[in-house]
Amino acid sequence: MKKVSFTLAAAGMFVLGTTTASAAMLQDEAAAEASKGFTQVLKEQFIQGGPAFMGIVLLCLILGLAVAIERIIYLNLATTNSAKLKQQVEDALASGGVEAAKEVCRNTKGPVASIFYQGLDRAGEGLESAEKAVVAYGGVQMGQLEKNVSWLSLFIAIAPMLGFMGTVIGMIQAFQKIAAVGNLSASLIAGDIQVALLTTVFGLIVAIILQIFYNYIIAKIDSIVNDMEDSSISLIDMLAAHKK
């Protein structure tokens, strides 16, 4: 009887020790997963998604960011202090005439200064010619501001489409495996479904990132265009006052 009790006690201690060790291992694995940074998890998920569609989605992100950064730098350089420029042009017109005002515009960067220069250059032909020059060159400057923005909108549209295509292809592969085996097993199709969903997730992430940059660029362009229009009206008013 004592031997049986001793054996049961030993077995109980063994089971308790094994359970404790297993629990400790699970806690260590959970802690290791929690300690991973967001970028590390994102990298692992990206690799699991497969190189075929993930590479194309990544290419859309890289090209889209390149276009967005180039446009942001250009638009920030195109932004000028229009109020200061208008005051300088008005003072130059009053003191040195049209040529002095043109010199001020020539030494100032930005689309507003370029439009002012074109208007002042045609001021000798009359207000109507100056106004036409301002309107025509304003359209040219607007085209330069919007340059390559259509490519950014293209990448925003393509990225989620590629993700959805990867999802569809992954689901097709999963159903092909089911048809080949003849029964439905979760472990059989789990990998294909995971890859399919990951492509969609990363496609949407790329589209969201680029959409934020796109909205900022469009808002910046609208701000500069409004400034150009307001400054053009002010220039025509200054020329009309100078002609009197």
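Residues numbered from 1 in each chain as written. Predicted model: local features only at pLDDT ≥ 70, side-chain atom pairs only at ≥ 80, totals over all residues. Heavy atoms only, no water.

Draft legend 1. Examining the overall build of the protein more closely. Scanning the protein for helices and strands turns up 8 helices and 0 strands. Each helix and strand of the protein, ordered N terminal to C terminal, gives the series α-α-α-α-α-α-α-α. Taken across its 244 residues, the protein has 30% of its residues classed as buried. Look at the contacts in the protein between residues 6 or more apart in sequence, and 77% of them connect residues 24 or more apart. Approximately 14800 Å² of the protein is accessible, and the part contributed by carbon and sulfur atoms is 67%. (Helix = DSSP H or I, 4+ residues; strand = E, 2+ residues; numbered from the N terminus. Buried < 20%, exposed > 50% of the residue type's maximum accessible area, 1.4 Å probe, protein only. Contact = heavy atoms within 4.5 Å. Areas by Shrake-Rupley, 256 points an atom, 1.4 Å probe, with all protein chains shown as cover.)

Draft legend 2. Region of the structure containing the UniProt feature "transmembrane region" (unreviewed entry) in the protein. Residues given the UniProt feature "transmembrane region" (unreviewed entry) here are residues 47-69, 151-175 and 195-218. Span residues 151-175 is 100% helix and 0% strand, its end C-alpha atoms 36 Å apart. With 100% helix and 0% strand, residues 195-218 has end C-alpha atoms that lie 34 Å from one another. (UniProt positions renumbered as here; feature names shortened; annotations may be inferred.)

Draft legend 3. Representation of the pattern of salt bridges. Enumeration according to the criterion identifies 6 salt bridges in this entry. When the shortest N-O distance is used, the salt bridge between Glu-70 and Arg-71 registers 2.9 Å. For Arg-71, a relative accessible area of 2% translates into the label buried. As a salt-bridge pair, Glu-99 and Lys-102 come within 3.7 Å of each other at their nearest N and O atoms. Within this pair, Glu-99 and its partner Lys-102 are both found in helix 4 (residues 82-106), separated by 3 residues, close to a single helical turn. (Salt bridge = Lys/Arg side-chain N within 4 Å of Asp/Glu carboxyl O.)

Draft legend 4. Quick peek at the packing of helix 5 (residues 111-121) against helix 6 (residues 127-145). Interhelical geometry of helix 5 versus helix 6 gives an angle of 150 degrees and a closest axis separation of 8 Å. Here helix 5 is positioned roughly antiparallel relative to helix 6, judged by the angle of their axes. Judged by the twist between their axes, the crossing of helix 5 over helix 6 is right-handed. Residues Pro-111, Ser-114, Ile-115, Gln-118 and Gly-119 of helix 5 form the contact with helix 6, whose participating residues are Ala-130, Ala-133, Val-134, Tyr-137, Gly-138 and Gln-141. Residue classes in the contact of helix 5 with helix 6 are distributed as 6 nonpolar, 5 polar and no charged. (Axes fitted to C-alpha atoms, helices over the stretch in contact; angles between N-to-C directions. Parallel < 35°, antiparallel > 145°, perpendicular 65-115°, else oblique. Left-handed = near helix turned anticlockwise from the far one by under 90°. Nonpolar A, V, L, I, M, F, W, Y, C, P; charged D, E, K, R; others polar.)

Draft legend 5. Up close: the side chain of Thr-199. As for its placement among the helices and strands, Thr-199 is situated in helix 8 (residues 186-243). Polar contacts involving the side chain of Thr-199 include one to the main-chain carbonyl oxygen of Gly-163, which spans 3.1 Å. (Polar contact = N/O pair within 3.5 Å; in protein donor to acceptor, adjacent residues only side chain to side chain.)

Draft legend 6. Fine view of the packing of helix 4 against helix 5. In the contact formed by helix 4 and helix 5, the axes pass within 11 Å of each other and the chain directions differ by 30 degrees. Judged by the inter-axis angle, helix 4 sits roughly parallel to helix 5. Judged by the sense of rotation from one axis to the other, the crossing of helix 4 with helix 5 is right-handed. The residues of helix 5 that touch helix 4, namely those facing Ser-82, Leu-85, Lys-86, Val-89, Leu-93, Val-98, Ala-101, Lys-102, Cys-105 and Arg-106, are Val-112, Ala-113, Phe-116, Tyr-117, Leu-120 and Asp-121. Tallied by class, residues from the contact of helix 4 with helix 5 come to 11 nonpolar, 1 polar and 4 charged.

Draft legend 7. Region of interest: a nonpolar patch on the surface. Together, Phe-164, Leu-204, Ile-208 and Ile-212 line one region of the surface with nonpolar side chains, adding up to about 390 Å² of accessible area. Tracing the sequence through the fold places Ile-208 in helix 8. Residue classification places Ile-208 among the exposed residues on the basis of a relative accessible area of 53%. (Patch = residues over 30% accessible without salt bridge, like charges linked within 9 Å, V, L, I, M, F, W, Y side chains within 5 Å.)

Draft legend 8. Representation of the nonpolar core. Within the largest apolar cluster, 40 residues are counted, with the highest numbers of intra-cluster contacts made by Val-89, Phe-116, Leu-120, Leu-145 and Ile-217. Counting only elements with at least two residues in this core, the list comes to helix 3 (51-78), helix 4, helix 5, helix 6, helix 7 (149-181) and helix 8. A total of 11 residues in this core trace back to one element, the largest contributor, which is helix 8. Apart from the residues lying within four places of it in its own chain, the contact partners of Leu-120 are Val-89, Leu-93, Val-98, Ala-101, Lys-102, Cys-105, Leu-235 and Leu-239. (Core = buried A, V, L, I, M, F, W, Y, C linked by side-chain atoms within 4.5 Å.)

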